[in-house]
Amino acid sequence: MKTLTAIAIVLTMWSPASAGAAPAKAASHIPTSVDEIKAPPLRRINMPEPKRVQLDNGMVILMMEDHELPLIRGAASIHGGARDAAAAKAGLIEILGSAWRTGGTESKTGDELDDFLEARAARVETGGDDDSTAVRIDVLKNDFDTVFPIFLDLLRNPAFRQDKIDLAKTQMNATIARRNDDPGEILDRELNKLGYGPSSPYAAQPEYATVASITRDDLLAFHKRFVHPNNIVFAIGGDFDSAMMERKLRDAFASWPRGPQAPAAPTAMTPAKPGVYFIAKSDVTQANIGFVEPGIQRNNHDYFAVRVMNEIFSGGSFSGRLMNDLRTKRGLTYGVDGGIGAGWDHPGLFEITMATKSGTTLESIDAVRKQVGMLRTQPFTAAELKQAKESILNRFIFTMDSRQKMLNQAAILEFYGFPPDYFRNYTSNIEKVAAADLVRVARKYVAPGDLAVLVVGNEKDFEKPLSTLGTVTPVDITIPELNAAPSTQAAPAASNSEGTALLQKVTEFTGGKAKIDAVRAVREVTSVSRDTPQGVMDMEVESTVEFPDRHRAVMKMPMGEVTVVMTPDAGFMLLPGMGTRELPSSQRDAARTESKQDLLTILKHPEKYTFAVTGTEKIGSVDTKILEVSSDGDTVKFFVDPASGKVLRKVSRARGPMAQGDQVTDFSAWGTFGGITVPTAFTTSAGGKQVASGKLTAMEINPVLDPKIWEKPAG
Amino acid sequence: MKPIRRSLWSLALMLALTAGSLQAQDLASFEKRTTVRRLANGLTIIILERHEAPVFSYATVVNAGSAQEVAGITGLAHMFEHMAFKGSEHIGTTNYGAEKIALQKVEAAYQAYDRERRRRVGRDEARVKELEKSWRDAMAAADKYVIPNEFSKIVDAAGGTGLNAGTRSDTTEYFFNMPSNQLELWAYLESERFYDPVFREFYKERDVVQEERRMRTESNPVGRLILQFLSTAFMAHPYGQPTIGWSSDLQSFSATDAMHFFRKYYVPANTVIAIVGDVNPSEAMPIIEKYFGRLPKEPLPDTLRTVEPPQNAEREVILHETSQPVYIEGYHRPAATDPDNPIYDTIEMLMSAGRTSRLYRSLVRDQKLAAAAGGFNGFPGDKYPNLFVVYGFTTPGHAATDLIAPIHAEIERLKTQDVTPEELQSVKTRVKAGLLRQLDSNAGLARQLAETQTLYGDWRELFREVDKIDAVTPADIRRVANETFQEDNRTIGFIESEKKPAGGAK
């Protein structure tokens, strides 16, 4: 601040000399009441309406020139959202909203788009909501012509690459896992479910199982069902010439054929029975409390009266009845918020939410219930009506203080089929609301007896048991595990005789019990080709095993040598030029399970496993028997030629962060090394796609091992 | 001040937002539209004209925050911020003369009660009860004169929006938006709250603040983690104190304590007000001078003496929670005024901005260990030496500690390998565009101008920072990374889940 006088960028009537002059003249009168201050009339605002174009294929385009900054921003809003997905596929819209962009287009991967767009500080993004999806573009105007084709391509030809669907699913699963960590989040979510009813499309909740069931075909089908020009409103604003932009957009969209119309919004609700609902949460010092019953739709002719009543009830910054009573007068809460919600094309909810210390939970419930009751019993005063209407009317300017906002509002009206003058008539509709209207809508839409009350908290610290309010219905928010149901098809717990007999065949084929027992260590060299998103990567892997539990793999890759070492008490990686890194515990676990399921390890210690034949399958011309080998709940299947004892295929649960479903490895070309017979060629696939193949080029039984290879290098 | 309910995820998102690195989009055009004036009492006023619509936004930034608190009064900067909505001698009262006497009685009764209840030896419980009753009776008597929320009702009725305030370690900020015909009303209200604030309803508001603490810190696992993490990372500097305050202090400090804090730090020379929008300086300045010129000139408060000593051992905090794992680590770095600041900002962008960022590509995209990961500067503030923080939220089936090796691998890369010209250029381009995209928000600009003026003494630093980032070289990044990202300079904090993390992606 000291440098400020030096800066003195003082324009207008102040010369630098006057800076630092005497303080305000004593003569100037300071009001003692705000009533003394008379505001001049507000300067008339001169915001243009956006230009509207409807193409023959039904698509509506809204354009708004805005030359303040050299930017162009647009959004295609598309009918059809989460409410249109099957309940068994809950989470589809979130996966779609993410993989639509990250999964790239047919010509470019999402990763390539990231590099291209971020280098230009451009954004093309996709997302999904309850009732719609959207593709957005936000770009420096000079880049518009290079980036707009990407936007178009993404809108019409998304590739939904599987790796990015899997990434979106992993992130969705993280959201599910974390959804009970914050009490406020629990309250909002469960209140919504109580308000709409558990089977409502507005309350569908993604679970591990619903997420797992979502496939690429589901995403493609959703896209095909909804993304048609007649379901789209495209709003674009920024530093362009409208005539030129219109030509570009016509060129881009005019030839796009119509498709089926999106269905109408579902509006049925099955709200929870009135009463008290409770969710126990122990790691909190506050109770989060919510109240819910059905709200209204925006096109309801009572909307404006309800809007004014909401303002009196809970509007403004702190001046609503709820805040005034629960926060300011009683100090019970940091915040309480509520009102009758109005959806654009389906009913909203009448919700009230707050949080208070555990010891004032019932006191707060009582106070809120009284406030709700008073909407019907305590007259709305003239002062309240005046304060509410003035607040709404005077702040209305902030809904139209930028061209971007004007454009967005026009797009909303267009999307939900409201008349284009809706906002122009908004203030006169508010002005018309009279005290009698408030009384009428309070009687009509506020039903204190219909409210469901939900409490999330630590009941032992409440001042009184919740049951003093009547019957309490507990709500279970335990997150269902994915494998809860499918685990019934897990391997039999005990060996069966057919299994033990088949194991005997495999042991003989491999070299017999004596030779297998004599193996203390193995070193083998394999050349492996791995399919990665960047293409095929070739590497040579030298793998050393000292039974039972020391493993070392040296991978020679184009960027250098990577070594991974796993022993009972260490797990680390040596990276080229980067030194030693600890293996994450998840990778250690994956590696341990994999080595436990190695055939030679199993054959050396059959007492640690159970063996059962559970079926047959034809592989090529061979009718194989399926040998399920289990240990500590992990199961691997070997497909064995019963005549020879050869293992032709291995199927295991894929492991590690990149895992998806089962991993299938097919073996061929057996060779014998030091009396042990093993396959020398393999191909591995996952999710039906080949992920790797390889050839064994050398194998040494009981090599001489330097003990240092198991040690972590210093530094 | 106002309730904002934040989920864990929005917190993660907030953490991921860059602090506001900016560029020299068109400094000259901004200088033409900007008027800076220092009133005789030392108050700095910045007006940026933007006549798109008849509205304006303002931000008052007081150069005092929770870092100015000492033991016993933690949370007081924030408490005063709440009191700044309670009105003045003219706003919020039916009879100030009578109210003033009643409030003095409240204060005397509270002091008596507080002294007795905190006696370590020989406390008389019956006396405590009696004194508490006198205090509560005195409050009820004072409440009779209160017009609740009158200040905010005036703002609301005039069409004001976004009435709010925030307290940080470095500053306390007040802001809202108004139709532009209400400039005089605004000047009256804003000057009034700092001219003669009246601490009515202080002790009820203290309860409200304690509810805020329960919501943000006590009942939220990430809030609990951050509290432990910061108090571990800072041994001496007040950045280790929670801005919301320690519970004991919130239950004890008085309106008199708050008044002392106000008198010491809320002096005009310690305050910057920025106004952005449909305001004509030639008409506005006389009004501003009239109302704000009456604030008495006072000396600047002493600057903070305590400097965090160099860290010479790694520190770690582990929270055992039933919630999902979260990982955070921080490294001490110099204040924002340090010449290396643009290099730290560049590192932040490299690590966390967008889907090309290193932490996203490694932890989120490729290894799928984290649902979100990023790094940011300026925690918990940036006026004093602070922390560069890296964090991650795990995916199901992974422990927080699974993130350590991959995060450190990315940090090692910063130290040992030059960033490619393409990667660096992409960051610089986005920094410039990032500034541009913020220039059409009156409210955002008002806060940034006032904050920048407060921190650097010159609002133009907002634009110059972009030029400085543009000059950052790969060697700069390696040097700063090597100086900063050392084990002994690191504090690690994480949540370990008591229950096995629920698995969905096995």
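Residues numbered from 1 in each chain as written. Chains lettered and ligands numbered in written order. Predicted model: local features only at pLDDT ≥ 70, side-chain atom pairs only at ≥ 80, totals over all residues.

Novice: Please provide a residue-by-residue account of the overall build of chain B, values included.
Specialist: Helix and strand counts for chain B come out as 19 helices and eleven strands. The C-alpha radius of gyration computed for chain B amounts to 24 Å, which stays within 12% of the reference 23 Å derived for 506 residues, consistent with globular compactness. In terms of principal-axis extent, the alpha carbons of chain B reach across some 70 × 65 × 45 Å. Residues classed as buried in chain B amount to 59% of the 506 residues present. Restricting to contacts in chain B with at least 6 residues of sequence separation, those with at least 24 account for 83%. (Helix = DSSP H or I, 4+ residues; strand = E, 2+ residues; numbered from the N terminus. Rg over C-alpha atoms; globule rule 2.2 N^0.38 Å. Buried ≥ 20, exposed ≤ 12 C-beta atoms within 10 Å, placed from the backbone. Contact = placed C-beta atoms within 7 Å.)

Novice: Can you explain the overall build of chain A? Please cite residues and give values.
Specialist: Per the secondary structure count, chain A includes 20 helices and 27 strands. Dimensions along the principal axes, computed over C-alpha positions, put chain A at roughly 105 × 65 × 65 Å. Counting across all 715 residues of chain A, residues that qualify as buried make up 38%. Long-range pairs, those at least 24 residues apart, make up 70% of the contacts in chain A with a sequence separation of at least 6.

Novice: Please provide a residue-by-residue account of the environment of B:Pro221, values included.
Specialist: As for its placement among the helices and strands, B:Pro221 is situated in helix H9 (residues 221–233). If we skip the residues at most four places from it in the chain, B:Pro221 touches A:Asp181, B:Glu321, B:Ser323 and B:Ile495.

Novice: So what's going on with helix H11 (residues 255–265) of chain B? Which residues, and what values?
Specialist: Residue and element names in this part refer to chain B. What H11 keeps buried is the set Ala255, Ala258, Phe262 and Tyr265. Summarising the axial view, the buried residues of H11 lie within an arc of 110°, below the 170-degree limit, and thus occupy one face. Packed against the buried residues of H11 are strand E3 (55–62), helix H3 (76–83), helix H4 (96–117) and helix H8 (202–218). (Arc of directions from axis to C-beta.)

Novice: Could you give an account of helix H14 (residues 358–366) of chain B, with specific residues and numbers?
Specialist: All buried positions along H14(B) are accounted for by B:Arg358, B:Leu359, B:Tyr360, B:Leu363, B:Val364 and B:Arg365. Taken together, the buried residues of H14(B) touch helix H5 (162–178) of chain A together with helix H13 (341–352), strand E9 (370–379), strand E10 (386–394) and helix H15 (404–416) of chain B. Looking at the residues trailing H14(B), positive phi occurs at B:Lys368, about 50°.

Novice: Go over the packing of helix H16 (residues 421–436) of chain B against helix H18 (residues 461–470) of chain B, please, and point to the residues and values.
Specialist: Residue and element names in this part refer to chain B. Viewed as axis vectors pointing N to C, H16 and H18 meet at an angle of 170°, and their least axial separation amounts to 9 Å. The angle between the axes of H16 and H18 places the two elements in the roughly antiparallel class. Here H16 contributes Lys428, Val431, Lys432 and Leu435 to the contact with H18, which in turn contributes Val466, Ile469 and Asp470. For the contact of H16 with H18, the class distribution of residues is four nonpolar, no polar and three charged. (Axes fitted to C-alpha atoms, helices over the stretch in contact; angles between N-to-C directions. Parallel < 35°, antiparallel > 145°, perpendicular 65-115°, else oblique. Nonpolar A, V, L, I, M, F, W, Y, C, P; charged D, E, K, R; others polar.)

Novice: Quick one: what's the story with the environment of A:Val139, residue by residue and with numbers?
Specialist: All names here are of chain A. The residue Val139 is located in strand E5 (residues 132–140) in this model. Residues Val139 and Arg123 lie 16 residues apart in sequence; the distance between their C-alpha atoms is 6.3 Å. The contacts of Val139, once residues within four sequence positions are left out, are Ile72, Ala122, Phe144 and Val147.

Novice: Explain the sheet that holds strand E2 (residues 44–49) of chain B to me, and be specific about the residues and the numbers.
Specialist: Whenever strands of a sheet pair, they do so through backbone hydrogen bonds, lying parallel or antiparallel. Residue and element names in this part refer to chain B. Reading across the sheet, the six strands line up as E1-E2-E6-E3-E5-E4 and stay open at both edges, with mixed pairing between neighbours. Each edge of the open sheet carries a strand with a single partner, namely strand E1 (34–38) and strand E4 (161–167). Each adjacent strand pair in this sheet contributes to an overall mean axis angle of 10°, direction not counted. Pairing analysis gives seven bridges linking E3 to strand E6 (residues 271–277), with the strands arranged antiparallel. Its bridge partner being in E6, Phe56 is matched across the sheet by Gly277. Against the sheet, H3 touches E4 and strand E5 (172–179), its axis set at about 155° to E4. (Pairing = 2+ DSSP bridges.)

Novice: Would you mind going over the interface of chain A and chain B in detail, with residue names and values included?
Specialist: Contacts between the two partners involve 98 residues from chain A, matched on the other side by 99 residues from chain B. With nine residues, H5(A) is the single largest residue contributor to the side of chain A that touches chain B.

Novice: Give me unusual backbone geometry: which residues, what numbers.
Specialist: The residue after A:Phe547, namely A:Pro548, is reached through a cis peptide bond having omega 5°. Inspection of the secondary structure puts A:Pro548 in the loop between strand E16 (535–546) and strand E17 (550–557). Note that the residue after B:Phe379, namely B:Pro380, is joined by a cis bond; omega there is 0°. A positive phi angle, close to 55°, is found at A:Ala121, a residue other than glycine. Positionally, A:Ala121 belongs in the loop between helix H3 (110–119) and strand E4 (123–128). Assessed through the 22 C-beta atoms surrounding it within 10 Å, A:Ala121 is described here as buried. One non-glycine residue, A:Phe160, lies in positive phi territory at about 45°. Relative to the helices and strands, A:Phe160 resides in the loop between helix H4 (144–156) and H5.

Novice: Got a sec to walk through the environment of A:Phe398? Specific residues and values, please.
Specialist: Topologically, A:Phe398 is positioned in the loop between helix H13 (382–394) and helix H14 (403–416). Not counting residues up to four positions away in its chain, the partners in contact with A:Phe398 are B:Val55, B:Thr161 and B:Asn177.

Novice: Can you lay out the confidence of the model for chain A for me, pointing to particular residues and giving the numbers?
Specialist: Residues and elements named next belong to chain A. Looking at chain A, pLDDT values average 89 and 93% of them are 70 or higher. Of the regions scoring below 50 in pLDDT, residues 1–26 engages in 47 contacts with residues more than four places distant in sequence or in other chains. Note that residues 656–660 has pLDDT below 50 and, in this model, twelve contacts with residues that lie over four places away or in other chains. (pLDDT = per-residue confidence, 0-100.)

Novice: How would you sum up the nonpolar core? Please name residues and give values.
Specialist: With 132 residues, the main nonpolar core has A:Leu62, A:Ile95, A:Val147, A:Phe151, B:Val326, B:Ile347 and B:Ala370 as its most contacted residues. Once residues lying within four places of it in the same chain are set aside, the contact partners of B:Ile347 are B:Leu414, B:Ile477, B:Val480 and B:Ala481. The next biggest cluster of nonpolar side chains, apart from the first, holds 127 residues, and it includes A:Ala287, A:Phe313, A:Val441 and B:Val61. (Core = buried A, V, L, I, M, F, W, Y, C linked by C-beta atoms within 7 Å.)

Novice: An account of the sheet that holds strand E2 (residues 60–65) of chain A is requested, with residue identities and associated values reported.
Specialist: Residues and elements named next belong to chain A. Strands sit in the order E1-E2-E6-E3-E5-E4 across an open sheet of six strands; the sheet is mixed. Two strands lie at the open edges of the sheet, namely strand E1 (51–54) and E4, each paired on one side alone. The average angle at which neighbouring strand axes cross in this sheet is 15°, direction not considered. Relative to strand E6 (residues 232–238), strand E3 (residues 71–79) runs antiparallel, the two being bridged by seven bridges. Each bridged residue has a counterpart across the sheet, and for Ala75 the counterpart in E6 is Ala235.

Novice: Any details on the confidence of the model for chain B? Residues and values, ideally.
Specialist: Residue and element names in this part refer to chain B. Summary statistics for chain B give a mean pLDDT of 92 and a share of 93% for residues scoring 70 or more. Contacts from residues 3–25, a stretch scored under 50 in pLDDT, to residues over four places away or in other chains number 53 contacts. Segment residues 500–506: pLDDT under 50, and 28 contacts once partners within four positions in sequence are set aside and those in other chains are kept. The ipTM, which scores confidence in the relative placement of chains, is 0.91 for this predicted complex, and the corresponding pTM is 0.78.

Novice: How would you summarise the pairing of strand E24 (residues 647–653) of chain A if you had to cite specific residues and measurements?
Specialist: One face of the sheet, then the other: side chains in a regular strand alternate in exactly this way. All names here are of chain A. When strand E23 (residues 634–640) meets E24, the two strands line up antiparallel, connected through five bridges. By the bridge assignment, Phe639 is partnered in E24 with Arg649. Two successive antiparallel strands, E23 and E24, enclose a turn made up of six residues, where Gly645 displays a positive phi of approximately 90°. Sheet topology note: the E24/strand E25 (residues 662–673) ladder contains five bridges and is antiparallel. Residue Val651 lies in a different strand from E25, and its bridge partner there is Val664.

Novice: Explain the packing of H13(B) against helix H19 (residues 474–484) of chain B residue by residue, including any values.
Specialist: Residue and element names in this part refer to chain B. One can describe the packing of H13 onto H19 by two numbers: an axis separation of 10 Å at closest approach and a directional angle of 90°. By the angle class used here, H13 and H19 are roughly perpendicular. Counting all contacts with H13, which are made through Ile343, Tyr344, Thr346 and Ile347, the residues of H19 involved are Asp476, Ile477, Val480 and Ala481. Taken together, the residues of the contact of H13 with H19 break down into six nonpolar, one polar and one charged.

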